[in-house]
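A closer look at the structure
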Amino acid sequence: MKIQAKSFFTVLSGGRPTIKTLDLPEGTTAEDIMNEMNIDFSDGVIVLINGRPSNEKTVLVEGDDFAVMPPVSAA
Amino acid sequence: MKREDVFARNIALWGKEQQDFLAEKSLFIGGVGALGCIVAEILVRCGVGRLIIADRGIIDPPDLNRQALYTLYDLGRPKVYIAAERLKSLTGQTEVIPMNVSIGDDDIAGVLAGCDGIADCLDNFPSRFALEEAQPGNTFMVSGALLGDYGQLTSVIPGRTVRLQELFAGLGKAARTIPVTSTIVFAVGSLMAQEVLNNLRGKPQLAGELLVVGMSGFFLERIAVKPA
């Protein structure tokens, strides 16, 4: 299945978001995609699937729009 | 000093009626650290009538790289009282009420009930969630946060937008020192203050959207966020 994946972690280092179209097996989770994109989410993560808050265990389906952002809490 | 003189340049842009409108507004600012200092200063210079500022922190040396209302001579003193003193002296047109409280531990519901809106300038998720819990249903809350030179902000409107507790589910207090520099603080603080004004005027730009800011790369993007 094809998934459009966007990571904002690269904005942390002054870059643009990383955007990839991934061809993945059925049953792929958000965590699988983050591993595929080499994202270190050990400090937590914000996952949006089709703009809705989700989590690492959420299973994606064909055509989903996946976005991942770092956890941002300081002021 | 006449209000019309102090705000002559504002009135030239948005008119006396709008200036009078802002003078009637009351806002709550949760946290007067980096973002809170900027948001509060801008709102005072815009002519908001009343600000309630809440924080229980003390001014420490690591605050001086980005917390714009404080100086070397304020070290060791409570943030809210110094911030209130500085904010009152900027224009003399805003009533500033300091609350030396910890959001999440102290009851602020009664205070929030008298406010038109809230700025969430807190520095950790549990306190932000506690402020959201206390948010009255008829108010807006502009929430902003930083990491390094990355920032994000959104408007939280009960019953209409995603809640912070949904968006940041499962996230807690950071266990390490979070890097933050002044450039992103001033940029995101300024954007937050603008979004507060937008909400007061009934035209929020970020209700249902997250604005992501990458400072060194001059990156800005609005991302649609829907309730789960």
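Cut-offs used in this document
- Residues numbered from 1 in each chain as written.
- Chains lettered and ligands numbered in written order.
- Predicted model: local features only at pLDDT ≥ 70, side-chain atom pairs only at ≥ 80, totals over all residues.
- Heavy atoms only, no water.
- Pairing = 2+ DSSP bridges.
- Helix = DSSP H or I, 4+ residues; strand = E, 2+ residues; numbered from the N terminus.
- Axes fitted to C-alpha atoms, helices over the stretch in contact; angles between N-to-C directions.
- Contact = heavy atoms within 4.5 Å.
- Buried area = accessible area lost by both parts, 1.4 Å probe.
- Salt bridge = Lys/Arg side-chain N within 4 Å of Asp/Glu carboxyl O.
- Polar contact = N/O pair within 3.5 Å; in protein donor to acceptor, adjacent residues only side chain to side chain.
- Buried < 20%, exposed > 50% of the residue type's maximum accessible area, 1.4 Å probe, protein only.
- Right-handed = clockwise from strand over helix to strand, strands pointing away.
- Phe/Tyr/Trp six-rings, centres within 6.5 Å; stacked < 30°, edge-to-face > 60°.
- Parallel < 35°, antiparallel > 145°, perpendicular 65-115°, else oblique.
- Left-handed = near helix turned anticlockwise from the far one by under 90°.
- Nonpolar A, V, L, I, M, F, W, Y, C, P; charged D, E, K, R; others polar.

Moving on: the sheet that holds strand 1 (residues 2–7) of chain A. Backbone-to-backbone hydrogen bonds join strands into a sheet, with any given pair of strands oriented parallel or antiparallel. Residues and elements named next belong to chain A. Judged by pairing direction, the sheet is mixed, and its five strands sit side by side in the order 2-1-5-3-4 without closing on themselves. The open sheet has two edge strands with one neighbour each: strand 2 (18–23) and strand 4 (52–54). The sheet shows a mean angle of 25° between the axes of neighbouring strands, direction not considered.

Now for the interface of chain A and chain B. Taken together, the 24 residues of chain A in the interface contact 37 residues of chain B. Buried area between chain A and chain B, both sides added, is near 2,400 Å², and the carbon and sulfur share of it is 63%. On the chain A side of the contact with chain B, Val72, Ser73 and Ala75 of chain A bury the most area, a combined 27% of that side's loss. Where chain A packs against chain B, one counts one salt bridge. Close ionic contact of Glu221 of chain B with Lys6 of chain A constitutes a salt bridge, the shortest N to O distance being 2.5 Å. Applying the counting criterion to the chain A and chain B interface returns seven residue pairs in polar contact (both at pLDDT 80 or more). Every element with two or more residues in the side of chain A that touches chain B is listed here: strand 3 (46–49) and strand 4 of chain A.

With that settled, consider the pairing of strand 2 (residues 50–54) of chain B. Consecutive side chains along a regular strand alternate between the two faces of the sheet. All names here are of chain B. When you tally the buried positions in strand 2, you get four out of five residues, the bulk of the element. Relative to strand 2, strand 1 (residues 26–30) runs parallel, the two sharing five bridges. Bridge assignment links Gly30 to a residue of strand 2, and that residue is Ala54. As for the winding sense of the linkage, the β-α-β connection from strand 1 through helix 3 (residues 34–46) to strand 2 is right-handed.

Residues and elements named next belong to chain B. Across all of its chains, the model carries 15 salt bridges over all chains by this definition. The partner of Asp20 in a salt bridge is Lys16, with the nearest N and O atoms 2.8 Å apart. Linking Asp20 with Lys16, this pair stays in helix 2 (residues 8–23), spanning four residues, or about one helical turn. Look at the salt bridges and you will find they share partners, linking Arg3, Glu4, Lys16 and Asp20 into a network.

Moving on: helix 4 (residues 79–91) of chain B. Residue and element names in this part refer to chain B. When we look at burial in helix 4, the residues that qualify are Lys79, Val80, Ile82, Ala83, Ala84, Leu87 and Thr91. Buried-residue contacts for helix 4 involve helix 1 (3–6), helix 3, strand 2 and strand 3 (95–99). Looking one or two residues past helix 4, Gly92 carries a phi angle of roughly 70°, positive in sign.

All names here are of chain B. Spatially, 3-2-1-4-5-6-7-8 is the arrangement adopted by the eight strands of the open sheet, whose pairing is mixed. Both outer strands of the open sheet, strand 3 and strand 8 (219–224), are each paired with one neighbouring strand and no more. Taking the axes of each pair of neighbouring strands and ignoring which way they run, one obtains an average angle of 15° across the sheet. Bridge count for strand 1 against strand 4 (residues 117–120) is four bridges, and the pairing is parallel. By the bridge assignment for strand 4, Phe28 is matched with Ile118. With respect to the sheet, helix 6 (residues 125–134) is in contact with strand 1, strand 4, strand 5 (140–147) and strand 6 (150–156), its orientation differing from that of strand 5 by roughly 175°. Helix-sheet contacts for helix 8 (residues 182–200) involve strand 1, strand 4, strand 5, strand 6 and strand 7 (209–214), and the interaxial angle to strand 5 is about 170°.

Take the packing of aromatic side chains next. In this structure the tally under the stated criterion is three aromatic pairs over all chains. A ring pair is formed by Phe8 of chain A and Phe219 of chain B, whose centres lie 6.4 Å apart and whose planes are at 55°; its orientation type is tilted. Taken as a pair, Phe8 of chain A in the loop between strand 1 and strand 2 and Phe219 of chain B in strand 8 lie in two separate chains rather than in one. Its relative accessible area of 1% is what places Phe8 of chain A among the buried residues.

To continue, consider the packing of helix 3 of chain B against helix 4 of chain B. Residue and element names in this part refer to chain B. The contact between helix 3 and helix 4 brings their axes to 9 Å, and the two run at 25°. Overall, the two elements helix 3 and helix 4 adopt an arrangement that is roughly parallel. Here helix 3 and helix 4 pass one another in a crossing that is right-handed. Here helix 3 contributes Ala40, Glu41, Val44 and Arg45 to the contact with helix 4, which in turn contributes Leu87, Leu90 and Thr91. Class assignment for the residues of the contact of helix 3 with helix 4 results in four nonpolar, one polar and two charged.

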